[in-house]
Amino acid sequence: MGEDVNAAAGLLVTGAHGQLGRALTRLAPNARGLARTDLDITDANAVRAVVRPGDVLVNCAAYTAVDRAEADRDAAFAVNAAGPRVLAQVCAERDARLIHVSTDYVFPGTGSRPYEPDDPTGPATVYGRSKLAGEQAVLECSPTATIVRTAWVYTGRGGDFVATMRRLERERDTVSVVNDQFGSPTYAVDLAAALLELAAKPTGARILHATNAGAASWFDLAQAVFSGLGADPARVRPCGTEDFPRSAPRPAYSVLSGNSWAAAGLSPLRHWKPALNDALAAISDYPGPP
Ligand SMILES: NC(=O)c1ccc[n+]([C@@H]2O[C@H](COP(=O)([O-])OP(=O)(O)OC[C@H]3O[C@@H](n4cnc5c(N)ncnc54)[C@H](OP(=O)(O)O)[C@@H]3O)[C@@H](O)[C@H]2O)c1
């Protein structure tokens, strides 16, 4: 899958030190992984210096601090909108193919059935608006680019939700978690494998959705983490969004449909529960600190 791309054309990963970028470069060790210190995606000359004809560039670079973005609009738009425009323009110039990662936050988050790629967008946050502007720039500037929207990505290490639940399981008797926001928890390693499959397979699709299958609330996910760690899931207590006020509103419903992915002839991603169990098992094998 990924090996073909590595050998044939050159796989380039931007934002390579982020959560998804690391998962991708681990699965595709021959890829050229460029962290922010190697390549600032907003710097057109620097991007021109690294993109070669025939490359497949997977853009994992983003401004992802959803709450901070509310007061830091310019920085969010620079990385999430101007940066992808530069990447798309250079990929078009160089005859390279761009796969650009985007988010469920482009939708209003008020739906009641899984979102399809052509459902109306309507972001409720600065982060979501900046990512939507990035999508529009990519579509405008590169006729061969594909946008892949994903959601609720975790590795279980660092500061993501699963990692936080692992920590709270050790530190607290009980933990309250919101039970009125629904999405599709997505293991970064599964998403990385899916992106490598897409990288090896040209598609005419402009926008695809890729998450692990199924839906859960954050409460469901937290309970599954506790169960997976051998802890009592009853120690996780349900609460409501109003109990956790945030600068940026969170979507009540942002499940993404897997139909577009399957229709593009790509392998459906598995259900989020076995993916979570694999993530937890991979961490328990991990000898170092999270
Ligand atoms: N995590 C989620 O739950 C989630 C959900 C839906 C969609 N997504 C999307 O998935 C993609 C990957 O997200 P992630 O979770 O891997 O995010 P992440 O861990 O925050 O990684 C993003 C990386 O981009 C880098 N970066 C920021 N500005 C840059 C610039 N100007 N040039 C080059 N690199 C830059 C960051 O470097 P610094 O750390 O040094 O700033 C960071 O290493 C993003 O497009 C995100 O919008 C994520």
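Residues numbered from 1 in each chain as written. Predicted model: local features only at pLDDT ≥ 70, side-chain atom pairs only at ≥ 80, totals over all residues.

Time to look at the overall build of the protein chain. Along the backbone of the protein chain there are 11 helices and 12 strands. A compact globule built from 290 residues would reach a C-alpha radius of gyration of about 19 Å, and the protein chain, at 18 Å, matches this within 12%. Reported as C-alpha extents along the three principal axes, the dimensions of the protein chain are approximately 55 × 40 × 35 Å. The 290 residues of the protein chain split such that 48% are buried. (Helix = DSSP H or I, 4+ residues; strand = E, 2+ residues; numbered from the N terminus. Rg over C-alpha atoms; globule rule 2.2 N^0.38 Å. Buried ≥ 20, exposed ≤ 12 C-beta atoms within 10 Å, placed from the backbone.)

Turning to unusual backbone geometry, a few remarks are in order. We note that D95 has phi near 55°; this positive angle belongs to a residue other than glycine. Along the chain, the position of D95 falls in the loop between α5 (73–94) and β4 (97–103). Of note in this structure, W152 is not a glycine but carries a positive phi near 50°. Mapped onto the elements, W152 comes out in the loop between β5 (146–150) and β6 (153–154). Here W152 falls in the buried class, since 26 other C-beta atoms lie within 10 Å of it.

Attention shifts here to the environment of A252. By the element assignment, A252 lies in the loop between β12 (236–239) and α10 (259–263). Note: C-alpha distance between A252 and S217 (35 residues apart in sequence) is 9.2 Å. Beyond its immediate chain neighbours, meaning those up to four positions away, A252 contacts G109, T110, D180 and Q181. (Contact = placed C-beta atoms within 7 Å.)

Let's shift gears to the sheet that holds β4. Strand order in this open sheet of 6 strands is β2-β1-β3-β4-β5-β10, and the pairing throughout is parallel. Only two strands of the sheet have a single neighbouring strand rather than two, namely β2 (32–34) and β10 (207–209). Taking each pair of neighbouring strands and ignoring which way they run, the sheet shows an average axis angle of 20°. As paired elements, strand β1 (residues 11–14) and β2 share 3 bridges and run parallel to each other. Residue pairing across strands places L12 opposite R32, the latter belonging to β2. Sheet contacts for helix α2 (residues 19–27): β1, β2, β3 (56–59) and β4; angle to β1, the most-contacted strand, approximately 155°. (Pairing = 2+ DSSP bridges. Axes fitted to C-alpha atoms, helices over the stretch in contact; angles between N-to-C directions.)

Turning next to the pairing of β1. Of the two faces of β1, the one carrying L11 and V13 and the one carrying L12 and T14 are both buried. In this fold, the crossover linking β1 to β2 by way of α2 has right-handed handedness. (Right-handed = clockwise from strand over helix to strand, strands pointing away.)

As a further point, take the site of the ligand. As a matter of local geometry, the ligand sits amid 27 residues, with G15, G18, Q19, A61 and A62 nearest to it. The set of elements that each furnish at least two residues to the shell around the ligand consists of α2, α5 and β4. It is α2 that provides the largest number of residues to the shell around the ligand, a total of 3 residues. (Near = placed C-beta within 6 Å.)

This next bit is on the confidence of the model for the protein chain. The predicted coordinates of low-pLDDT regions are not to be read in fine detail. Chain-level pLDDT for the protein chain is 94 on average; 95% of the residues reach the 70-or-more range. In this model, residues 1–8 is a region of pLDDT below 50 whose contacts with residues beyond four sequence positions or in other chains number 18 contacts. (pLDDT = per-residue confidence, 0-100.)

Moving on, we come to the packing of α5 against helix α6 (residues 126–141). At a minimum axis distance of 8 Å, the contact between α5 and α6 shows a crossing angle of 15°. Viewed along their axes, α5 and α6 adopt a mutual orientation that is roughly parallel. Seen from above, α5 lies across α6 with right-handed handedness. Taken together, the residues of α6 that come into contact with α5 (itself represented by R73, A76, F77, N80, A81, P84, R85, A88, Q89 and A92) are V126, Y127, S130, K131, A133, G134, A137, V138 and C141. (Parallel < 35°, antiparallel > 145°, perpendicular 65-115°, else oblique. Left-handed = near helix turned anticlockwise from the far one by under 90°.)

On the UniProt side, "domain: RmlD-like substrate binding" (unreviewed entry) is annotated at positions that read residues 11–282 here. Between the C-alpha atoms that bound residues 11–282 there is a distance of 25 Å. The span itself is 40% helix and 15% strand. (UniProt positions renumbered as here; feature names shortened; annotations may be inferred.)

A separate point is the packing of helix α7 (residues 161–171) against helix α9 (residues 218–228). When two helices pack together, their arrangement is captured by the angle between the axes and the distance separating the axes. At their nearest, the axes of α7 and α9 sit 10 Å apart, and the two run at 55° to each other. Taken as axis vectors, α7 and α9 run oblique relative to one another. For α7 against α9, the interelement crossing comes out right-handed. Residue-level inspection shows F161, V162, M165, R166 and E169 of α7 in contact with α9, the latter providing W218, L221, A222, V225 and F226. The residue makeup of the contact of α7 with α9, split by class, is 8 nonpolar, no polar and 2 charged. (Nonpolar A, V, L, I, M, F, W, Y, C, P; charged D, E, K, R; others polar.)

By size, the foremost hydrophobic cluster in this structure holds 86 residues, and its most contacted members are L24, V58 and L195. If we skip the residues at most four places from it in the chain, V58 touches L11, V13, L24, I99, L195 and A199. (Core = buried A, V, L, I, M, F, W, Y, C linked by C-beta atoms within 7 Å.)

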